[in-house]
Amino acid sequence: METTELKEQLKVQIIKFLNLTDLTPADIADNEPLFGAGLGLDSIDSLELIVLLKKEYGIDIKDPREGRKALVDVATMADYIQANGKK
């Protein structure tokens, strides 16, 4: 899958999985931080994103440090999926 296509798919999935109904994929920049000052996600959201990676891409993140590296922003998630995904 193309990186651009994967990023757009991730944005749609993030909105759906986290029930961010007030956002559209266009509202999420590829390099906008997902946590803190960026999108403003919290630790519960990070668990949901880990479930998303497992369910949709076959990636099982068990180490919290690995999760922090993979869930920086949409671009980082896309790179991580392309490097580690099974689908």
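Counting of residues starts from 1 at the beginning of each chain's written sequence and follows it residue by residue. Only residues with pLDDT of at least 70 are given local features in this predicted model, and only at 80 or more are side-chain atom pairs given and counted; all residues enter the totals for whole chains, interfaces and linings. Neither water nor hydrogens contribute to the side-chain values; these are computed over all heavy atoms in the structure.

A. Seen up close, the overall build of the protein. A helix here means a DSSP run of H or I that spans at least four residues, while a strand means a run of E at least two residues long, and both kinds are numbered starting from the N terminus. What the protein contains, in helices and strands, is four helices and zero strands. Listed N to C, the secondary structure of the protein is α-α-α-α in terms of helices and strands. For the protein, the C-alpha radius of gyration of 12 Å lies close to 12 Å, the compact-globule estimate for 87 residues. With respect to the principal axes defined by its C-alpha atoms, the protein has extents near 30 × 30 × 20 Å. Radius of gyration means the value over C-alpha atoms here, while the globule rule gives 2.2 Å times the residue count to the 0.38 power.

B. Representation of helix H2 (residues 43–57). Given a rise of 1.5 Å per residue, 15 residues ought to cover 21 Å, and the 21 Å separating the end C-alpha atoms of H2 matches this to within 8%. Among all positions of H2, only Asp 45, Ser 46, Leu 49, Leu 52, Leu 53 and Tyr 57 are buried. Seen from one end, H2 has its buried residues packed into an arc of 110 degrees, which puts them on one side. Seen from the buried face of H2, the exposed residues on the opposite side, beyond 90 degrees, are Ser 43, Ile 44, Leu 47 and Lys 55. Where the residues of H2 are buried, they touch helix H1 (3–17) and helix H4 (74–84). Pairing of N or O atoms within 3.5 Å defines a polar contact, subject to two protein rules: one partner must be a possible hydrogen donor and the other a possible acceptor, and residues neighboring in sequence count only if both atoms are side-chain atoms. Its side-chain oxygen at 3.1 Å from the backbone nitrogen of Ile 44, Asp 42 defines the N-terminal cap of H2. Residue count minus one, scaled by 1.5 Å, sets the expected span of a helix. Note on classification: 1.4 Å probe, protein chains only; a residue is buried when its accessible area is under 20% of the maximum for its type, exposed when over 50%, partly exposed between these limits. The directions considered for the arc are those from the helix axis to the C-beta atoms. Between two residues, a contact is recorded if the distance between any of their heavy atoms is within 4.5 Å.

C. Inspection of the packing of H1 against H4 at higher detail. What counts as an axis is a line fitted to C-alpha atoms, over the stretch in contact for a helix, and the angles between N-to-C directions run from 0 to 180 degrees. Running from N to C, H1 and H4 cross one another at 115 degrees; their axes reach a closest spacing of 9 Å. Comparing their axes, H4 and H1 come out roughly perpendicular. Where H1 crosses over H4, the two elements pack in a sense that is right-handed. On the side of H1, the interface is formed by Thr 3, Leu 6, Lys 7, Leu 10, Lys 11 and Ile 14, while H4 contributes Val 74, Ala 75, Met 77, Ala 78, Ile 81 and Gln 82. Looking at side-chain class alone, the contact of H1 with H4 contains eight nonpolar, two polar and two charged residues. Relative orientations are named as follows: roughly parallel for angles under 35 degrees, roughly antiparallel for angles over 145 degrees, roughly perpendicular for angles from 65 to 115 degrees, and oblique for any other angle. Here is the rule for handedness: rotate from the far helix to the near one, and if that takes an anticlockwise turn smaller than a right angle the crossing is left-handed, while a clockwise turn gives right-handed. Residues are grouped as follows: Ala, Val, Leu, Ile, Met, Phe, Trp, Tyr, Cys and Pro are nonpolar; Asp, Glu, Lys and Arg are charged; every other residue, Gly included, is polar.

D. Quick peek at the packing of H1 against H2. Where H1 contacts H2, the two axes come as close as 11 Å, and the packing angle between them is 125 degrees. When the axis of H1 is compared with that of H2, the two are oblique. As H1 runs across H2, the sense of the crossing is right-handed. Contact residues: H1 offers Leu 6, Gln 9, Leu 10, Gln 13, Ile 14 and Phe 17, while H2 offers Glu 48, Leu 49, Leu 52, Lys 55, Glu 56 and Tyr 57. Considered class by class, the residues forming the contact of H1 with H2 number seven nonpolar, two polar and three charged.

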